[in-house]
Amino acid sequence: VWFNAPHEPIKAGPDYLAMYEGYGEAAHYYGCITEMDEQVGRIRKSLRDWGIEKNTVLFFCSDNGPEGKEVKGAKAGVTSGLRGRKRSLYDGGVRVPALAEWPGRIQAGSVINTACSTLDYFPTAMKLASYQMPDGRPIDGQDILPILTGQIDKREKAIPFRARANATIVKDKYKLVLPAGELYDLSKDWSEEQDVSSNYPEKVELMKKELMAYLASMKKSHAGADYNDDEFKALDQWSAFGKKKKN
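This text gives an overview of the structure that appears in the document. It should be emphasised that the depicted structure is a prediction, and the values quoted were computed from it without experimental measurement.

1. Concerning the overall build of the chain
- Summing up its helical and strand segments, the chain has seven helices and six strands in all.
- Across the 247 residues in the chain, those meeting the buried criterion constitute 31%.
- A fraction of 49% describes how many contacts in the chain between residues 6 or more apart in sequence connect residues 24 or more apart.
- Of the roughly 16700 Å² of accessible surface on the chain, a fraction of 53% belongs to carbon and sulfur atoms.

Take a look at the structure:
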């Protein structure tokens, strides 16, 4: 379920604005979140009304950090001290609130400190459904149910990000930022203020090599290399059709 709120234009309905009188334009932001929260509540209630909540895993997360260069007006989202905001690859732009619920499988109230990613949702669903891919195309992410249930507390795969000419990789407690070559220990440096790359040159090189391999794999995937010949030809035809339509 893809909620638009509180994406721009950030406009709350009159009933929700009334809940936040005195907050100025920020009332729109808070109102949108409250309305979205109610709709998530409807989903959870429906699962229980239908008696399928113990056979359903529910994931929830934001898609990026808060909009705007600063906390102002309807752009009232905060990062709790994380560096950057939306469109930044520092954690203020990419680290987001996330929840998982599965009565009887995931312990209620438990807190997971291991970094997870939306890249993990697909391989987790594959595992739960006992589904096997029909080919050998690369699958980013990993099954995170063992992490969510407390069986393990360490990832097998790193988490890559890319935006325009910038890229990062999170591996264990470290985060490498390219092209700047900055390295941060996220376990000690929430705000990514202390570049420790000079202390760990070997780690920087290993993480850079892994990130470049991810980027090369993404480039091949974008070019259609993950598909068989028939699929790729069909994709190529649609691409050409789109170009002709534009012209």
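2. Some points on the packing of aromatic side chains
- Using the criterion set out here, one finds seven aromatic pairs in the structure.
- Where tyrosine 23 meets tyrosine 30, the ring centres are 5.5 Å apart and the plane angle is 85 degrees; that geometry is what we call edge-to-face.
- With a relative accessible area of 28%, tyrosine 30 lands in the partly exposed category.
- Relative to tyrosine 121, the ring of phenylalanine 59 has its centre 4.8 Å away and its plane inclined at 35 degrees; by these criteria the two rings are tilted. Placement of phenylalanine 59 in strand 1 (residues 58–61) and of tyrosine 121 in helix 4 (residues 121–128) is noted, with a sequence separation of 62 residues between them.
- Using a relative accessible area of 26% as the deciding quantity, one classes phenylalanine 59 as partly exposed.
- Grouped by ring-pair contacts, the aromatic residues Tyr20, Tyr23, Tyr29 and Tyr30 constitute a single cluster.

3. Overview of the sheet that holds strand 5 (residues 174–178)
- In spatial order, the strands read 3-4-5-6; together these four strands make up an open sheet with antiparallel pairing. Looking at the sheet topology across the chains shown, the edges are occupied by strand 3 (159–163) and strand 6 (182–185). In this sheet, neighbouring strand axes are inclined to one another by 15 degrees on average, regardless of whether the strands run parallel or antiparallel.
- Examined bridge by bridge, strand 3 and strand 4 (residues 166–171) share five bridges and lie antiparallel to one another. Counted as the bridge partner of isoleucine 159 is valine 170 from strand 4.

4. Quick word on the pattern of salt bridges
- Counted by the stated rule, this structure contains 13 salt bridges.
- Measuring nitrogen to oxygen at the nearest pair gives 2.6 Å for the salt bridge that ties arginine 44 to glutamate 101. Separated by 57 residues along the polypeptide, arginine 44 in helix 2 (residues 26–49) and glutamate 101 in strand 2 (residues 98–101) bring together distant segments of the chain.
- On the accessibility criterion, arginine 44 (33% relative accessible area) is partly exposed.
- Linked by salt bridges that have partners in common, Asp91, Arg95, Lys175 and Glu192 make up one network.

5. Remarks on a negative patch on the surface
- Where like charges cluster on the molecular surface, the negative patch consists of Asp15, Glu35, Asp37 and Glu38.
- The greatest single-element share of the negative patch, amounting to three residues, is contributed by helix 2.
- Secondary-structure assignment places glutamate 38 in helix 2.

6. Quick word on the state of the cysteines
- Overall, the coordinates contain zero disulfides when judged by the stated rule.
- Here cysteine 32 stays unpaired: no disulfide links it, and the sulfur of cysteine 61, its closest cysteine neighbor, is 18 Å away.
- Using a relative accessible area of 6% as the deciding quantity, one classes cysteine 32 as buried.
- As a non-bridged cysteine, cysteine 61 has cysteine 116 as the owner of its nearest cysteine sulfur, 11 Å distant.

7. Observations concerning unusual backbone geometry
- For the bond from glutamate 8 to proline 9, the omega torsion is -5 degrees, close enough to zero to count as cis.
- Positionally, proline 9 belongs in the segment before helix 1 (14–17).
- For the bond running from leucine 178 to proline 179, omega is 10 degrees, close enough to zero to count as cis.
- Relative to the elements of secondary structure, proline 179 occurs in the loop between strand 5 and strand 6.
- Even without being a glycine, serine 130 presents a positive backbone phi close to 55 degrees.
- Its location among the elements puts serine 130 in the loop between helix 4 and helix 5 (145–148).
- Judged by its relative accessible area of 63%, serine 130 is exposed.
- Located in the positive-phi region is arginine 164, a residue other than glycine, with phi close to 55 degrees.

What counts, and where the lines are drawn
- Residues numbered from 1 in each chain as written.
- Predicted model: local features only at pLDDT ≥ 70, side-chain atom pairs only at ≥ 80, totals over all residues.
- Heavy atoms only, no water.
- Helix = DSSP H or I, 4+ residues; strand = E, 2+ residues; numbered from the N terminus.
- Buried < 20%, exposed > 50% of the residue type's maximum accessible area, 1.4 Å probe, protein only.
- Contact = heavy atoms within 4.5 Å.
- Areas by Shrake-Rupley, 256 points an atom, 1.4 Å probe, with all protein chains shown as cover.
- Phe/Tyr/Trp six-rings, centres within 6.5 Å; stacked < 30°, edge-to-face > 60°.
- Pairing = 2+ DSSP bridges.
- Axes fitted to C-alpha atoms, helices over the stretch in contact; angles between N-to-C directions.
- Salt bridge = Lys/Arg side-chain N within 4 Å of Asp/Glu carboxyl O.
- Patch = residues over 30% accessible without salt bridge, like charges linked within 9 Å, V, L, I, M, F, W, Y side chains within 5 Å.
- Lys, Arg positive; Asp, Glu negative; His and termini not counted.
- Charge placed at Lys NZ, Arg CZ, Asp CG, Glu CD.
- Disulfide = S-S within 2.5 Å.

Spatial relationships are all this shows, so hold off on functional conclusions.
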